[in-house]
Amino acid sequence: MRIEFRGPIWHWRGPAPFYFVTVPDDDSRELKAVSGAVTYGWGMIPVSARIGSTTWKTSLFPKDGRYLVPLKDAVRRAEGLAEGDEVSVVLEVW
């Protein structure tokens, strides 16, 4: 399964701060439909993600009926990204 979308980067300021891009509603519904076959627990979905020329492996977090793409510091640095930037994301579910 391959999903492409655009969204803003946002910063979660919790006990372990992190940056995310939220998967849109329609794409999140498609992911939810296959989650039972691919999740490894807690609803996490393993994916290969790409922004710009940077590709990395990660897991999508379920939250409030949608999924979140976590952005590692290395990805943000490599692509020169900051909170609020609108990015194109390509996800491939394993």
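It should be emphasised that the depicted structure is a prediction, and the values quoted were computed from it without experimental measurement.

Peer 1: Sorry if this is basic, but what is going on with the nonpolar core here?
Peer 2: Nonpolar side chains tend to gather and get buried jointly when the protein is soluble and globular. In this structure, Phe5, Leu31, Ile45, Leu60, Val69, Leu71 and Leu91 are the most contacted members of the largest nonpolar core, which totals 23 residues. Looking at this core, the elements with two or more residues in it are strand S1 (2-12), strand S2 (18-22), helix H1 (25-38), strand S3 (45-51), strand S4 (54-63), strand S5 (66-71) and strand S6 (86-93). Excluding residues that lie within four positions of it along the chain, Ile45 makes contacts with Leu31, Ser35, Val38, Thr58, Ser59, Leu60, Tyr67 and Val93.

Peer 1: What exactly am I supposed to notice about the confidence of the model for the protein chain here?
Peer 2: Should pLDDT be low for a region, the predicted coordinates there are not to be read in detail. Here the protein chain averages 94 in pLDDT, and 100% of its residues register 70 or above. Looking at the elements of the protein chain, mean pLDDT is at its lowest for H1, recorded as 94, and at its highest for S6, recorded as 98.

Peer 1: Looking at this structure, how should I read the sheet that holds S6?
Peer 2: Strands pair in a sheet through their backbones, by hydrogen bonds, and they do so in one of two ways: parallel or antiparallel. Pairing is antiparallel around the closed barrel formed by 6 strands, whose spatial order is S1-S2-S5-S4-S3-S6. Averaged over all pairs of adjacent strands, the angle between their axes in this sheet comes to 45°, without regard to strand direction. In this sheet, S6 lies alongside S1 in antiparallel orientation, the contact comprising 7 bridges. Paired with Gly7 across the strands is Val87, a residue of S6. Where H1 meets the sheet, its contacts fall on S1, S3, S4, S5 and S6, and the angle it forms with S5 comes to roughly 90°.

Peer 1: What am I meant to see in the pairing of S3 here?
Peer 2: The two faces of the sheet receive side chains in turn, since in a regular strand these alternate between them. In terms of residue burial, S3 counts as a mostly covered element, since 5 of its 7 residues are buried. Alignment of S3 against S4, held across 7 bridges, turns out to be antiparallel. Looking across to S4, one finds that Val47 is bridged to Thr58. As judged from the 4 bridges shared by S3 and S6, these two strands associate in the antiparallel manner. Note on S6: the bridge partner recorded for Val47 is Val93.

Quick notes on the rules
Residues numbered from 1 in each chain as written. Predicted model: local features only at pLDDT ≥ 70, side-chain atom pairs only at ≥ 80, totals over all residues. Heavy atoms only, no water. Core = buried A, V, L, I, M, F, W, Y, C linked by side-chain atoms within 4.5 Å. Buried < 20%, exposed > 50% of the residue type's maximum accessible area, 1.4 Å probe, protein only. Helix = DSSP H or I, 4+ residues; strand = E, 2+ residues; numbered from the N terminus. Contact = heavy atoms within 4.5 Å. pLDDT = per-residue confidence, 0-100. Pairing = 2+ DSSP bridges. Axes fitted to C-alpha atoms, helices over the stretch in contact; angles between N-to-C directions.

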